[in-house]
Amino acid sequence: LGFVWDKYVHQWEENFKALIAYKAEFGDCLVPGITYQGLRLGSWITSQRMKKETLTPERIQRLDDLGFVWDKSDHLWEKNFEALVAYKAEFGDCLVGHLFTYQDLNLGHWVHTQRQSTKLTSERIQRLDDLGFVWSPHAENWEKHFKALEAYKAEFGDCLVPKKLNYQGLNLGLWVSKQRHNKKTRTPERIQRLDDLGFIWKLR
């Protein structure tokens, strides 16, 4: 007759079957807060995450075998990190524009969030460092232009870069001009490095 002796077991199995169908249709177990196959599958998913410590090992294993995501934030971090690895392979660096979307992810915003975060684990920081992550794009930009200025001096003998000159793919002339006009905002260390290079602060 199909009598249900334990309605909670029955409900769990029904939702699990629906999750199998959802993954077959959408490719993952990241069910939003929706109703699926007449069941509040999204709410059930949230419940499994919250009750993991009380779930039986057998149920945990079945969910794991299905590719269940226990921590959405960890999953999203890993997904964005994998996208950043692919971005670097394609573009050569980790300097993702703030509003740049990549692999259907708002990767630019994620990169910006990593720079601002105070909750990154040492393991995640190390993984980003190993990838060549740029924690301060402004500092990175300054270093890139300074190296170009070193190359310019080696080639032409001075640091008198014409204001509109592009050099090594950089608007080096404009950068040099900005260093002169904004000297008061430069750190003593940067001023010293420019001085050591023979930088001319005042043009006659």
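Here, residues in each chain are numbered from 1, in the same order as that chain's written sequence. Whole-chain, interface and lining totals are the exception, using all residues; otherwise, since this is a predicted model, local features are given only for residues with pLDDT of at least 70 and side-chain atom pairs are given and counted only at 80 or more. Computation of side-chain values: all heavy atoms of the structure, hydrogens and water removed.

Peer 1: I'd like a rundown of the packing of aromatic side chains, residues and numbers included.
Peer 2: Geometry of aromatic contacts follows a simple scheme: Phe, Tyr and Trp rings, the Trp one being its six-membered ring, pair when their centres are within 6.5 Å, and the pair is stacked under 30 degrees between planes, edge-to-face over 60, tilted otherwise. Summed over the entire model, instances satisfying the criterion amount to 21 aromatic pairs. Summarising the aromatic geometry, the rings of Phe91 and Tyr102 are spaced 6.3 Å apart at their centres and angled 65 degrees between planes, so their arrangement reads as edge-to-face. Taken together, the positions of Phe91 in helix α4 (residues 72–91) and Tyr102 in the loop between α4 and α5 (107–116) put the pair eleven residues apart, joining distant regions of the chain. Only protein chains enter the accessibility calculation, which uses a 1.4 Å probe; a residue whose area is less than 20% of its type maximum is buried, one above 50% is exposed, and one in between is partly exposed. Exposure remark for Tyr102: the relative accessible area of 11% places this residue in the buried category. Ring geometry for Phe199 against Trp201: centres 4.7 Å apart, planes inclined by 65 degrees, an arrangement best described as edge-to-face. Pair check on accessibility: Phe199 and Trp201 agree, each one buried. Put simply, DSSP H or I for four residues or longer makes a helix, DSSP E for two residues or longer makes a strand, and each gets a number counted from the N terminus.

Peer 1: Kindly report on the side chain of Asn80, identifying the contributing residues and their values.
Peer 2: For Asn80, the location among the structural elements is in helix α4. By definition in these notes, contact holds between two residues if any of their heavy atoms fall within 4.5 Å. Those residues in contact with Asn80 that lie beyond four places of it in its chain are Leu105, Asn106, Leu107 and Trp110.

Peer 1: Can you lay out the packing of helix α7 (residues 137–156) against helix α8 (residues 172–181) for me, pointing to particular residues and giving the numbers?
Peer 2: Axis definition: a line fit to C-alpha positions, over the contact stretch in the case of helices; interaxial angles, taken between N-to-C directions, run 0 to 180 degrees. Following both chains from N to C, one finds α7 and α8 inclined at 105 degrees, their axes separated by 10 Å at the closest point. It follows that α7 is roughly perpendicular to α8 by the angle criterion. Residue-level inspection shows Trp142, His145, Phe146, Ala148, Leu149 and Tyr152 of α7 in contact with α8, the latter providing Leu172, Trp175, Val176 and Gln179. Of the residues that constitute the contact of α7 with α8, the class distribution is eight nonpolar, two polar and no charged. Orientation labels follow simple angle bins: below 35 degrees gives roughly parallel, above 145 gives roughly antiparallel, 65 to 115 gives roughly perpendicular, and whatever is left gives oblique. Note on residue categories: nonpolar means Ala, Val, Leu, Ile, Met, Phe, Trp, Tyr, Cys or Pro, charged means Asp, Glu, Lys or Arg, and polar means any other residue, Gly included.

Peer 1: Can you break down the packing of helix α1 (residues 7–26) against helix α3 (residues 57–65) residue by residue, with the values?
Peer 2: The contact between α1 and α3 brings their axes to 11 Å, and the two run at 10 degrees. When the interaxial angle is binned, α1 and α3 end up roughly parallel. The hand of the α1/α3 crossing is left-handed. Judged by residue contacts, Val9, Trp12, Glu13, Phe16 and Leu19 of α1 engage Arg59, Arg62 and Leu63 from α3. Here the residues of the contact of α1 with α3 are counted per class, giving five nonpolar, no polar and three charged. Helix crossings get a hand from a simple test, with the near helix turned counterclockwise from the far one by less than a right angle marking a left-handed crossing and a clockwise turn marking a right-handed one.

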